[in-house]
Amino acid sequence: MKNNRGSTITAVIVITLVVMILSGTMLSMAYSYYMHSYKEIYTRQASLCASSACEIIGKTIHNADSQTDYQQFIPKDHTKTLSNFTLTKDGKNADIYKDVQMNGTVEIVDAKTLKITINATYKTGQATSTLTMLKDKETDSQWQMGKLK
Amino acid sequence: MKNEKGFTLIESLVAFAIATMVFAALSTVITTTYRYYTASNKIKALSDTQYQAVLNPKATSTDHYTLKCTIDDKEEASINNLSLTTNTSKSYDDVIVAYFNLTNDIPLADKTTQQLTNTVYDRLQFKNSTNDKGEWSLSKASSYRKGDFVTYEDRQYVLVTDNNLKTNWEPYTYKAPGTYQSGWQLLDMYNPSAPLFTTYLNGDIFLQNNGDEIQAFVYLDSNPFTWIGAYDPKTHEIKKDNPYAYDKNAIHYFDEWKDNQMYLNESWKNQGA
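These remarks concern the structure in this document. (Residues numbered from 1 in each chain as written. Chains lettered and ligands numbered in written order. Predicted model: local features only at pLDDT ≥ 70, side-chain atom pairs only at ≥ 80, totals over all residues. Heavy atoms only, no water.)

1. Here's the deal with the overall build of chain B
Next, step 1: Secondary structure assignment for chain B yields 5 helices and 13 strands.
Next, step 2: Per-residue burial for chain B yields a buried fraction of 45% across its 273 residues.
Next, step 3: Across chain B, every contact between residues at least 6 apart in sequence was considered, and the portion connecting residues at least 24 apart equals 41%.
Next, step 4: Carbon and sulfur atoms make up 54% of the accessible area of chain B, which amounts to about 14,400 Å² in all. (Helix = DSSP H or I, 4+ residues; strand = E, 2+ residues; numbered from the N terminus. Buried < 20%, exposed > 50% of the residue type's maximum accessible area, 1.4 Å probe, protein only. Contact = heavy atoms within 4.5 Å. Areas by Shrake-Rupley, 256 points an atom, 1.4 Å probe, with all protein chains shown as cover.)

2. Notes on the side chain of Thr33 of chain B
Next, step 1: Residue position: Thr33 of chain B is located in helix H1 (residues 2-54).
Next, step 2: With sequence-adjacent residues up to four places away left out, Thr33 of chain B is seen in contact with Met26, Leu27 and Ala30 of chain A.

3. Remarks on empty space enclosed by the protein
Next, step 1: In this structure the tally under the stated criterion is 1 cavity of 30 Å³ or more.
Next, step 2: In this structure, the largest cavity encloses a volume near 40 Å³.
Next, step 3: Around the largest cavity, the lining residues are Ile57, Phe73 and Phe85 of chain A together with Leu67, Lys68, Cys69, Ala77 and Ile79 of chain B.
Next, step 4: Of all the secondary structure elements, the ones that give two or more residues to the lining of the largest cavity are strand S1 (60-71) and strand S2 (75-86) of chain B.
Next, step 5: Counting residues per element, the lining of the largest cavity draws most heavily on S1 of chain B, at 3 residues.
Next, step 6: Considering only residue class, the lining of the largest cavity consists of 7 nonpolar, no polar and 1 charged. (1 Å grid on protein atoms, 1.4 Å probe; cavity = no way out; pocket = protein on both sides within 12 Å on 5 of 7 lines; lining within 4 Å. Points joined across faces, edges and corners; volume = space filled by probe spheres on them. Nonpolar A, V, L, I, M, F, W, Y, C, P; charged D, E, K, R; others polar.)

4. Structural notes on the interface of chain B and chain A
Next, step 1: Each partner contributes residues to the interface: chain B has 70 residues there, and chain A has 62 residues.
Next, step 2: Both faces combined, the contact of chain B with chain A buries some 6,100 Å², and carbon together with sulfur accounts for 61% of it.
Next, step 3: Where chain B packs against chain A, one counts 1 salt bridge.
Next, step 4: Linking Asp48 of chain B and Arg44 of chain A is a salt bridge whose minimum nitrogen-to-oxygen distance equals 2.7 Å.
Next, step 5: At the surface where chain B touches chain A, the tally comes to 12 residue pairs in polar contact (both at pLDDT 80 or more).
Next, step 6: Elements supplying a minimum of two residues to the side of chain B that touches chain A: H1, S1, S2, strand S4 (95-97) and strand S5 (100-103) of chain B.
Next, step 7: It is H1 of chain B that provides the largest number of residues to the side of chain B that touches chain A, a total of 25 residues.
Next, step 8: Tallied by class, residues from the side of chain B that touches chain A come to 35 nonpolar, 18 polar and 17 charged. (Buried area = accessible area lost by both parts, 1.4 Å probe. Salt bridge = Lys/Arg side-chain N within 4 Å of Asp/Glu carboxyl O. Polar contact = N/O pair within 3.5 Å; in protein donor to acceptor, adjacent residues only side chain to side chain.)

5. Let's talk about the nonpolar core
Next, step 1: Of all hydrophobic cores here, the largest spans 38 residues; its most connected members are Ile61, Ile116 and Ile118 of chain A.
Next, step 2: Elements that contribute at least two residues to this core include exactly helix H1 (7-63), strand S1 (80-89), strand S3 (100-110), strand S4 (113-122) and strand S5 (125-134) of chain A together with S1, S2 and S5 of chain B.
Next, step 3: Of all the elements, H1 of chain A adds the most residues to this core, at 9 residues.
Next, step 4: The contact partners of Ile116 of chain A, leaving out residues within four places of it in the chain, are Cys54, Ile57, Gly58, Ile61, Thr105, Val106, Ser129, Thr130, Leu131 and Met133 of chain A.
Next, step 5: In this structure, Ala30 and Tyr34 of chain A together with Ile43 and Tyr51 of chain B belong to the second largest nonpolar core, which totals 13 residues. (Core = buried A, V, L, I, M, F, W, Y, C linked by side-chain atoms within 4.5 Å.)

In structure tokens form, the structure reads like this:
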């Protein structure tokens, strides 16, 4: 009988420890899942910013005339870097864009392929979008909108 | 044995207390876990709804935003006339879900229709719905491209050159088309009240209303104000009943010009009446 002393409490403590570890793991996973859902909002917003910037620049390049200053987006002999993106209205910075940070590149992949890459950060969210623009012929002057990823 | 019984009782009580606390803690964990998963799913669903809404035209949209950036760390670039679409904020569990999306609603230009030789005939030939931007808008000033058509005060203009659009022509360009430095060429010469402030091209017809009659002129490089004759707004012809009311040597300019007005809006033709 002497040996049985404390066996119940020992068993309870062991079970308690196991339950606590399992509970902690479960709680931690649930919290991570919750935080992931929360942060995904920022990632999505960053993705929206990156893809919209890609499309806007792509459209501008598509519509660029040989005599307009939008030609400045099209690289001649090197990859062009894009930085310090800001959104303004009536000359003032738009508040809604204050947490958006973007940079990117416009790269001539070959004579018929141009690639626009934009990296965007919105609060804790990050995303990258790429727009490929194409020419039917090397001699064509107009870049056509391609796939956005 | 007495001591053993006491120990067993205390042990059972402690074990029961611990078990109760574990049960309570477990209940809390299960409840919290359930709450986290439920909240996550609700936030995801709300996020999906808001995401779709911001890509949907029904969402609130505001024009005239400008996206600026620096190219190669030295050159400033800006893209004007962008629309910003935003969600109405919705929240769940103190998590606010709202998106914004920047778009450029300017249609993609078809360069094959934007060739221009600056003759009256060609300017009219290239008028088509693709290049017709509707009413002139100051806010879209920098978005117009060579070959675009606009209407302004019931008259129609075509942009014939767009180099230096943003620099040398300010502020003229940004007032309205038709000013002498704007690069916009008048297409519709049927409005007799229009002042002669447009940069006419060789062969353009313009009308002047002197109060009693409307006189038609042709703009020629050799003589910018070559008189043709009295214009009849009812028939849209030069009055020929009186031999002194027109110049028989210049009448062909009017006929040639009118032959080329294949796209001229009928209502504008009748405006002179």
